Amino acid sequence: MSIKSLWRRVLMTIIIFLGVGLQIGAKGVDKSPAPTLTPSPSNTQNRIIRAVRLEGSINPGSAELTLRAIRQANNEKAVCLIIELDTPGGLDTSMRDMVKAILGSAVPVVVFVSPSGARAASAGVMITIAADIAAMAPGTNIGAAHPVSAGGQDVAKTMALKVENDMIAYVRSLAEKRGRNADWAAQAVKESVSITAEKALDMGVVDFVADNTDDLIKKMNGFTIKGRGRAGTIQTNPYVLQRTVEDLRESILKIICDPNIAYILMMIGLAGLYLEFSHPGAVFPGVIGATCLVLAFYAFQALPVNYAGMLLIVLGLIFLLLEIKIPSFGLLALSGLICLTLGSIFLFRQVGSTVQVSWSVFLPTILFTAIFFLTVTTLVVRAQFSTPTTGEAGLIDETGRVIERIDATGGRVFIHGEYWNARSQDPIPEGEVVIVTKVVDLTLTVKPAPNSDLTPKDPAGDSLHKHS
């Protein structure tokens with residue numbers, strides 16, 4: 001996924017969240033094709049076959065959509081539910097929720113790896129093997145289910161062995177329950193093997209190879225599912241295909257549960273709060289920041305978050321905020337950026353899942369964040385230490401011309417285009433150039449300018465200089 005696409009999805013999520021408010025649970029519009037009908041020569045009622053499309057990583061959004069489709073199929077007493085699957089894998093917890101729902105469904109569940117070019121990798125292998133009927137389209141593949149860490153690396157040593165053995169036992173039990181090739185399933189976990197649709201059919205991993213959903217439904221007609229007896233014989237003719245589509249809540253959940261999106265939302269949220277704290281009353285950065293943080297933390301409840309990484313990120317933000325208040329010559333800002341970088345690296349960590357922040361997202365985000373925070377911090381610090389240019393403090397060290405003789409009792413001076421009351425310990429005659437040393441109760445304390453070449457602006461229009 002490109003960075004441009006990720007930012008577009010982030011902005012879309014924010015807009016949807018702000019726009020729908022309490023209607024976040026409302027259902028989206030069904031944009032799927034019209035139901036496919038098989039002509040019936042008689043008035044026999046068409047049998048309902050429900051279908052749902054799962055694309056992308058397995059996450060809480062995918063799990064909720066699957067569970068809702070299974071409930072619908074059971075409530076309708078449908079012939080079966082077809083899950084059209086194309087996934088690189090995902091969260092172990094979400095995968096197990098889906099598998100439990102499939103195994104507990106009274107209605108047969110069919111997993112169809114499609115269309116051509118699709119795959120069922122990692123968690124997708126378990127979901128496919130757990131189905132009552134497993135099918136693949138030509139040009140698809142299944143396998144590569146070896147557990148990996150959130151960073152995509154192999155899990156280390158002892159922990160790797162524990163996770164691998166647990167996953168092997170899990171996939172073996174699923175394969176044996178469904179009468180599929182348990183040896184290959186174990187091999188897919190242990191050795192990350194992957195096979196084509198035709199090979200999977202030959203090895204007893206799947207039951208059918210079909211060109212599309214309609215072709216699969218025709219091939220399933222009269223098929224008896226193992227373990228369901230006579231009640232497990234599928235009769236699909238005639239049928240009506242009804243699709244379950246994502247509602248708005250599931251769409252948002254699916255988007256924000258992408259670790260890349262959740263990470264970007266968190267960084268936008270921190271930047272927004274940083275701007276609000278450093279410029280109180282700006283409002284807009286605070287609103288956007290708080291909204292993004294709420295979305296990010298909602299996603300973190302479902303993602304395998306390492307809270308030590310999150311604390312490092314928060315600590316980094318605190319250091320950057322302190323840089324504004326405490327002059328540390330950049331030490332706090334540098335410490336903050338180091339904490340942000342380390343926290344981002346450690347943010348997602350869980351064995352047995354492929355959840356990770358892509359380096360193509362991580363590096364530009366850290367670079368942009370570093371430039372943003374350093375720029376804002378530099379501007380704030382510069383403003384704090386700059387010489388005042390307005391108000392009474394801005395008159396200090398300014399030069400002016402005496403209009404009325406000045407002594408300890410008073411006098412008048414022309415400065416900043418204005419006439420001011422002034423006093424001086426030593427008498428200063430009219431026309432002399434003076435320098436402001438103090439301002440008390442709108443009265444200037446002045447002294448003679450040491451350089452005779454200073455020519456301040458006077459009522460006639462001469463120029464005014466700042467004394468250095």
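Residues numbered from 1 in each chain as written. Predicted model: local features only at pLDDT ≥ 70, side-chain atom pairs only at ≥ 80, totals over all residues. Heavy atoms only, no water.

A. Region of the structure containing the overall build of the protein. Helix and strand content of the protein: 14 helices and 14 strands. Across the 468 residues of the protein, 47% fall into the buried class. Once local pairs closer than 6 in sequence are excluded, the contacts in the protein between residues at least 24 apart make up 68%. Working note: accessible area of the protein is about 22,800 Å², and carbon and sulfur atoms make up 58% of it. (Helix = DSSP H or I, 4+ residues; strand = E, 2+ residues; numbered from the N terminus. Buried < 20%, exposed > 50% of the residue type's maximum accessible area, 1.4 Å probe, protein only. Contact = heavy atoms within 4.5 Å. Areas by Shrake-Rupley, 256 points an atom, 1.4 Å probe, with all protein chains shown as cover.)

B. Summary view of unusual backbone geometry. Pro 115 follows Ser 114 through a cis peptide bond whose omega is -5°. Mapping Pro 115 onto the fold places it in the loop between strand E3 (109-113) and strand E4 (119-121). Between Asn 237 and Pro 238 the backbone carries a cis peptide bond, its omega angle lying at 0°. Looking at where Pro 238 falls in the secondary structure, it is placed in the loop between helix H8 (213-220) and strand E9 (239-244). Positive phi, close to 55°, is recorded for Lys 77, a residue that is not glycine. Looking at the element boundaries, Lys 77 is found in the loop between helix H2 (60-76) and strand E2 (80-86).

C. Looking closely at the environment of Ala 73. On the secondary structure map, Ala 73 appears in helix H2. In this structure Ala 73 comes out as buried when scored by relative accessible area, which is 1%. The spacing of Ala 73 and Thr 244 is 171 residues in sequence and 9.5 Å in space, taken between C-alpha atoms.

D. The arrangement of the packing of helix H10 (residues 259-278) against helix H11 (residues 284-302) in detail. At a closest axis distance of 7 Å, the pairing of H10 and H11 adopts a crossing angle of 145°. Of the two elements, H10 crosses H11, and the hand of that crossing is left-handed. Contacts between H10 and H11 involve Ala 262, Leu 265, Met 266, Ile 268, Gly 269, Leu 270, Gly 272, Leu 273, Leu 275 and Glu 276 from the former and Pro 285, Gly 286, Ile 288, Gly 289, Ala 290, Cys 292, Leu 293, Leu 295, Ala 296, Ala 299 and Phe 300 from the latter. The class makeup of the residues in the contact of H10 with H11 is 16 nonpolar, 4 polar and 1 charged. (Axes fitted to C-alpha atoms, helices over the stretch in contact; angles between N-to-C directions. Left-handed = near helix turned anticlockwise from the far one by under 90°. Nonpolar A, V, L, I, M, F, W, Y, C, P; charged D, E, K, R; others polar.)

E. Spatial organisation of the pattern of salt bridges. On inspection of all chains with the given rule, the structure shows 16 salt bridges. Here Arg 249 ties to Glu 64 by a salt bridge, and the two come within 2.4 Å at their closest N and O atoms. Of this pair, Arg 249 sits in helix H9 (residues 248-256) while Glu 64 sits in helix H2, placing them 185 residues apart in sequence. Note that Arg 96 and Asp 92 form a salt bridge whose closest N and O atoms lie 3.0 Å from each other. (Salt bridge = Lys/Arg side-chain N within 4 Å of Asp/Glu carboxyl O.)

F. Quick look at empty space enclosed by the protein. In the structure shown here, the tally under the stated rule is 2 cavities of 30 Å³ or more. A volume near 50 Å³ is recorded for the second largest cavity. Contributing to the lining of the second largest cavity are Asp 132, Arg 178, Arg 180, Asp 207, Phe 223, Ile 225 and Lys 226. (1 Å grid on protein atoms, 1.4 Å probe; cavity = no way out; pocket = protein on both sides within 12 Å on 5 of 7 lines; lining within 4 Å. Points joined across faces, edges and corners; volume = space filled by probe spheres on them.)

G. The arrangement of the nonpolar core in detail. One finds Met 95, Met 126, Ile 127, Ile 142 and Trp 184 to be the most contacted residues of the largest nonpolar core, which totals 52 residues. Discounting residues that sit within four places of it in the chain, Ile 127 has contacts with Ile 58, Leu 85, Met 95, Met 98, Val 99, Ile 102 and Val 111. Leu 265, Ile 268, Val 305 and Val 361 belong to the second-largest nonpolar core, a separate cluster that totals 37 residues. (Core = buried A, V, L, I, M, F, W, Y, C linked by side-chain atoms within 4.5 Å.)

H. Molecular detail of a nonpolar patch on the surface. A surface patch of nonpolar side chains, about 680 Å² in accessible area, is lined by Leu 334, Ile 338, Leu 342, Ile 345, Phe 346, Trp 359 and Leu 363. Those elements that provide at least two residues to the nonpolar patch are helix H13 (331-346) and helix H14 (359-385). The greatest single-element share of the nonpolar patch, amounting to 5 residues, is contributed by H13. Examined against the element boundaries, Leu 334 turns out to sit in helix H13. (Patch = residues over 30% accessible without salt bridge, like charges linked within 9 Å, V, L, I, M, F, W, Y side chains within 5 Å.)

I. The arrangement of H8 in detail. Those residues of H8 lying buried are Thr 213, Asp 215, Leu 216, Ile 217 and Met 220. Residues of H8 that are buried sit in contact with strand E1 (47-55), E2, E3, strand E5 (133-136), strand E8 (208-209) and E9. A side-chain oxygen of the first residue of H8 lies 3.2 Å from the backbone nitrogen of Asp 214; this N-cap is Asn 212. Among the residues trailing H8, Gly 222 stands out with phi positive, at a value near 85°. (Polar contact = N/O pair within 3.5 Å; in protein donor to acceptor, adjacent residues only side chain to side chain.)

J. Seen up close, the packing of aromatic side chains. On inspection of all chains with the given rule, the structure shows 3 aromatic pairs. Geometrically, the ring pair formed by Phe 208 and Phe 223 is edge-to-face, given 5.0 Å between the ring centres and 65° between the ring planes. With Phe 208 in strand E8 and Phe 223 in the loop between H8 and E9, this pair connects stretches of sequence that are 15 residues apart. Using a relative accessible area of 23% as the deciding quantity, one classes Phe 223 as partly exposed. The positively charged end of Arg 96 is found above the aromatic ring belonging to Tyr 170, 4.2 Å away from the centroid. (Phe/Tyr/Trp six-rings, centres within 6.5 Å; stacked < 30°, edge-to-face > 60°. Lys NZ or Arg CZ within 6 Å of the ring centre and 35° of its normal.)

K. Highlighting the side chain of Ser 114. Summarising the element assignment, Ser 114 is placed in the loop between E3 and E4. Looking at Ser 114, the relative accessible area reads 6%, which means it is buried. Among residues more than four places away in sequence, those in contact with Ser 114 are Arg 53, Glu 84, Leu 85, Asp 86, Ala 137 and Thr 140.

L. Quick look at the pairing of E5. Every second residue of E5 is oriented toward a common face, with Ile 133 and Ala 135 on one face and Ala 134 and Met 136 on the other, all of them buried. Alignment of E3 against E5, held across 4 bridges, turns out to be parallel. Paired with Val 113 across the strands is Met 136, a residue of E5. Two elements, E5 and E8, share 2 bridges in a ladder whose sense is parallel. In the strand pairing of E8, Met 136 is matched with Val 209. (Pairing = 2+ DSSP bridges.)

M. Focus on the sheet that holds strand E11 (residues 410-415). Taken together, 5 strands build a closed barrel; the order of strands is E10-E11-E12-E14-E13 and the barrel is mixed. Mean inter-strand twist for the sheet, computed between neighbouring axes without regard to direction, equals 50°. Note that strand E13 (residues 433-440) and strand E14 (residues 443-448) share 6 bridges and pair antiparallel. Residue pairing for E14: Val 440 is matched across the bridge by Thr 443.

Geometric descriptors of this kind do not, in isolation, establish any biological role.
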